[in-house]
Amino acid sequence: MDDIKRMTLAEALAGLRAKRFSSVELTQALLGVMEPSQKNIHAFVTIDAEGALKAAAEADRRRAAGEDAPLLGAPIAMKDNMNVLGQPCTASSRILEGYVAPYDATVTARLRAAGAIFLGRTNMDEFALGSTTQTSGFGPTENPVARGCIPGGSSGGSAAAVGGGLALAALGTDTGGSIRQPASHCGIVGVKPTYGLVSRYGVVACASSLDQVGPMTKTVEDAALLMDVLAGHDPLDATSLDVPLPRLAGCWAGMDPARPLAGMTLGLPKEYFGDGLDPEVRALTEQAAKRAEALGATLREVSLPHAGYGIPTYYICMTAEVSANLARFDGVRYGLRVPREEVLAQYRDTRAQGFGAEVKRRVLLGTFVLSSGYYDAYYNRAQKVRTLIRRDFEQAFAGCDLLLAPVTPEPAWPLGVYQDDPIRNYLSDVLTVGANLAGCCAIAIPAGATAAGKPVGLQLLGPNLGEATLFRAAHALELR
């Protein structure tokens, strides 16, 4: 078997179909590198070695019987906010410690039907509230590529698992950049699909109008393979889109290998290249733009005039929805319960002990902006600005096929730095929240590394349901 840490999902599937190795052998090899890494990287909250090997043996039996499926026998890691029947699902919060999922999320069910194997649960910022994976109730995750640094968040465990070669691929969720930002910091590919393209049923809600599930992989090809399984209408999700979907895997076939981006116009949003952008991040993004031009693309400067309002708008809309969504964790129905004689005391003490500091901060912010006397001044006004931000993107896409920009203002920083500075952490989302507020699709792909060896990602953003164009451009521009 080839170097397991470097193996892509597509290579693993090809090896399984050619019977160069079995699913059991593949799973054992991954478990062999996963478990020792827990002492330092800590990409996983829980590892289901027994369940994974049992599922791998069943996949081998099915293949021996002549069956096949898109992901048959491929081990996948799942972020700890997606229900996988029989596995813990804690959203990396102490308030859900010990909770075991009683059913599969739709994304889990689709992966299972495609033959995937579930290795375990990846670490994350508690309830997906954070950009560093340091707010997890079970300890931080370390960046496997830039050691001693954050992996990004909130899907930092998934990014570290893939970037560190501990999993072929993983799923993450993206509310304001939580797939793309850690993908950038760990040197992998991360996809934020069009809102409603992938079902959220069975995923622990953070901010329901912003959340999207997406793949985190080593290559654009691998991401396309997963998207073809994940995307599609789900009647269990009221926000799910019922639209025809193009096949993404191989959508770049037939493109001129010398000029694959010929005829494509890429917009460079000037607001994403302003003050505060790290010089090395700027240089690598500009190099990627020149590479796109050499591959046939036409570059043009565009404007997203309300981009400067993105962070305050996002942190009002998101915290308001967090406040509502996390109200269900009350010590009555599931999860942690701190028994008290008075029911209000039970609510108070359960939430005080179960939630971490960042979760409490955002619940309080969200409750405030929704409160009487402040609703119009904050939440209602933020919704109006959100509409303006969405219109900015629509106008930009009227004149270009995609936008090209950095993912984050700076590379990964050391663990512990800025941990007590929430505003500094919030500002790390400045280049990613726009896609969530607008609902459009976006992808992060590797763009190179700094002089210190820290990965830097390139962000491509596309219009709603523009995944086919997005993936064609990303495949042409990715660095391998």
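Our subject is the structure that appears above.
Worth saying up front: this structure is predicted, and the values here are computed from it rather than measured. (Residues numbered from 1 in each chain as written. Predicted model: local features only at pLDDT ≥ 70, side-chain atom pairs only at ≥ 80, totals over all residues. Heavy atoms only, no water.)

K.L.:
So what exactly am I meant to see when it comes to the overall build of the chain here?
P.N.:
Scanning the chain from terminus to terminus reveals 15 helices and 11 strands. Taking 2.2 N^0.38 as the reference for a compact globule, 480 residues should give roughly 23 Å; the C-alpha atoms of the chain span a radius of gyration of 21 Å, in line with that estimate. If you line up the chain on its principal axes, its C-alpha atoms span 70 × 55 × 45 Å. Each of the 480 residues in the chain was classed as buried or not, and the buried ones make up 59%. (Helix = DSSP H or I, 4+ residues; strand = E, 2+ residues; numbered from the N terminus. Rg over C-alpha atoms; globule rule 2.2 N^0.38 Å. Buried < 20%, exposed > 50% of the residue type's maximum accessible area, 1.4 Å probe, protein only.)

K.L.:
So what exactly am I meant to see when it comes to the packing of aromatic side chains here?
P.N.:
Each aromatic ring pair is summarised here by two numbers: the centre-to-centre distance and the angle between the ring planes. On inspection of all chains with the given rule, the structure shows 13 aromatic pairs. Between Tyr99 and Tyr334, the aromatic rings sit 6.0 Å apart at their centres with planes inclined by 50 degrees, giving tilted as the arrangement. Within this pair, whereas Tyr99 is found in the loop between β2 (75-79) and α4 (106-113), its partner Tyr334 is found in the loop between α9 (310-325) and α10 (343-354), the two being separated by 235 residues in sequence. On the accessibility criterion, Tyr99 (23% relative accessible area) is partly exposed. Taking 4.3 Å as the distance between ring centres and 20 degrees as the angle between the ring planes, the aromatic pair formed by Tyr315 and Tyr426 counts as stacked. Of this pair, Tyr315 sits in helix α9 while Tyr426 sits in helix α13 (residues 422-426), and the two are 111 residues apart along the sequence. The same class applies to Tyr315 as to Tyr426, namely buried. Through successive ring pairs, a cluster of aromatic residues spans Tyr99, Phe127, Phe329, Tyr334 and Phe355. Arg424 extends its terminal NZ or CZ atom over the ring of Trp413, reaching a point 5.4 Å from the ring centre. (Phe/Tyr/Trp six-rings, centres within 6.5 Å; stacked < 30°, edge-to-face > 60°. Lys NZ or Arg CZ within 6 Å of the ring centre and 35° of its normal.)

K.L.:
How do you make sense of the side chain of Asn436 when you look at a structure like this?
P.N.:
Take Asn436: it is sitting in helix α14 (residues 433-438). A polar contact of 3.0 Å, which involves the side chain of Asn436, links it to the backbone oxygen of Thr175. Here Arg180 takes part through its side chain, which lies 2.7 Å from a polar atom of the side chain of Asn436. Every residue in contact with Asn436, bar those within four places of it in the chain, is listed here: Asp174, Thr175, Gly176, Gly177, Arg180, Lys192, Ser209, Leu210 and Arg386. (Polar contact = N/O pair within 3.5 Å; in protein donor to acceptor, adjacent residues only side chain to side chain. Contact = heavy atoms within 4.5 Å.)

K.L.:
What is the right way to look at the sheet that holds strand β3 (residues 117-122) in this model?
P.N.:
Across a sheet, paired strands are connected by hydrogen bonds in the backbone, their directions being either parallel or antiparallel. Strand order in the open sheet made by the 11 strands is β1-β3-β2-β4-β6-β5-β10-β11-β9-β7-β8, with mixed pairing throughout. At either end of the open sheet lies a strand with only one pairing partner, and these are β1 (44-47) and β8 (298-302). When strand polarity is set aside, the average angle formed by the axes of neighbouring strands in this sheet is 30 degrees. Bridge analysis of strand β5 (residues 189-192) against strand β6 (residues 212-217) gives 2 bridges, and the strand direction is antiparallel. Residue pairing across strands places Gly190 opposite Met216, the latter belonging to β6. (Pairing = 2+ DSSP bridges. Axes fitted to C-alpha atoms, helices over the stretch in contact; angles between N-to-C directions.)

K.L.:
Sorry, what's going on with the state of the cysteines here?
P.N.:
Every disulfide links exactly two cysteines, by a covalent bond between their sulfur atoms. Summed over all chains, the structure comprises 0 disulfides. For the unlinked cysteine Cys89, the closest cysteine sulfur is that of Cys206, found at 14 Å. In this structure Cys149 is a free cysteine whose sulfur lies 10 Å from that of Cys186, the closest cysteine sulfur available. Using a relative accessible area of 6% as the deciding quantity, one classes Cys149 as buried. (Disulfide = S-S within 2.5 Å.)

K.L.:
So what exactly am I meant to see when it comes to the nonpolar core here?
P.N.:
In globular proteins that are soluble, nonpolar side chains generally tend to be buried together. Ranked by size, the top nonpolar core spans 88 residues in total, and within it Leu71, Leu111, Leu171, Leu226, Ile443, Phe471 and Leu477 carry the most contacts. Tallying contributions element by element places helix α7 (residues 220-230) first for this core, with 7 residues. When near neighbours in sequence (up to four residues on either side) are disregarded, Phe471 contacts Val191, Val220, Ala223, Ala224, Met227, Leu248, Cys251 and Trp252. Ranked by size, the runner-up nonpolar core spans 49 residues in total, among them Cys206, Cys400, Val433 and Ala438. (Core = buried A, V, L, I, M, F, W, Y, C linked by side-chain atoms within 4.5 Å.)

K.L.:
What's the story with a nonpolar patch on the surface in this structure? I'm lost.
P.N.:
Together, Val332, Val343, Leu344 and Tyr347 make up an exposed nonpolar region whose accessible area comes to about 350 Å². Relative to the helices and strands, Val343 resides in helix α10. Residue classification places Val343 among the partly exposed positions, given a relative accessible area of 44%. (Patch = residues over 30% accessible without salt bridge, like charges linked within 9 Å, V, L, I, M, F, W, Y side chains within 5 Å. Areas by Shrake-Rupley, 256 points an atom, 1.4 Å probe, with all protein chains shown as cover. Salt bridge = Lys/Arg side-chain N within 4 Å of Asp/Glu carboxyl O.)

K.L.:
How should I be thinking about the environment of Met264 in this particular structure?
P.N.:
Mapping Met264 onto the fold places it in the loop between α7 and β7 (265-269). Here the alpha-carbon distance between Met264 and Tyr374, two residues 110 residues apart in the chain, equals 45 Å. Excluding anything up to four places from it in sequence, Met264 contacts Ala297, Thr298, Asp401, Leu402, Thr469 and Ala473.

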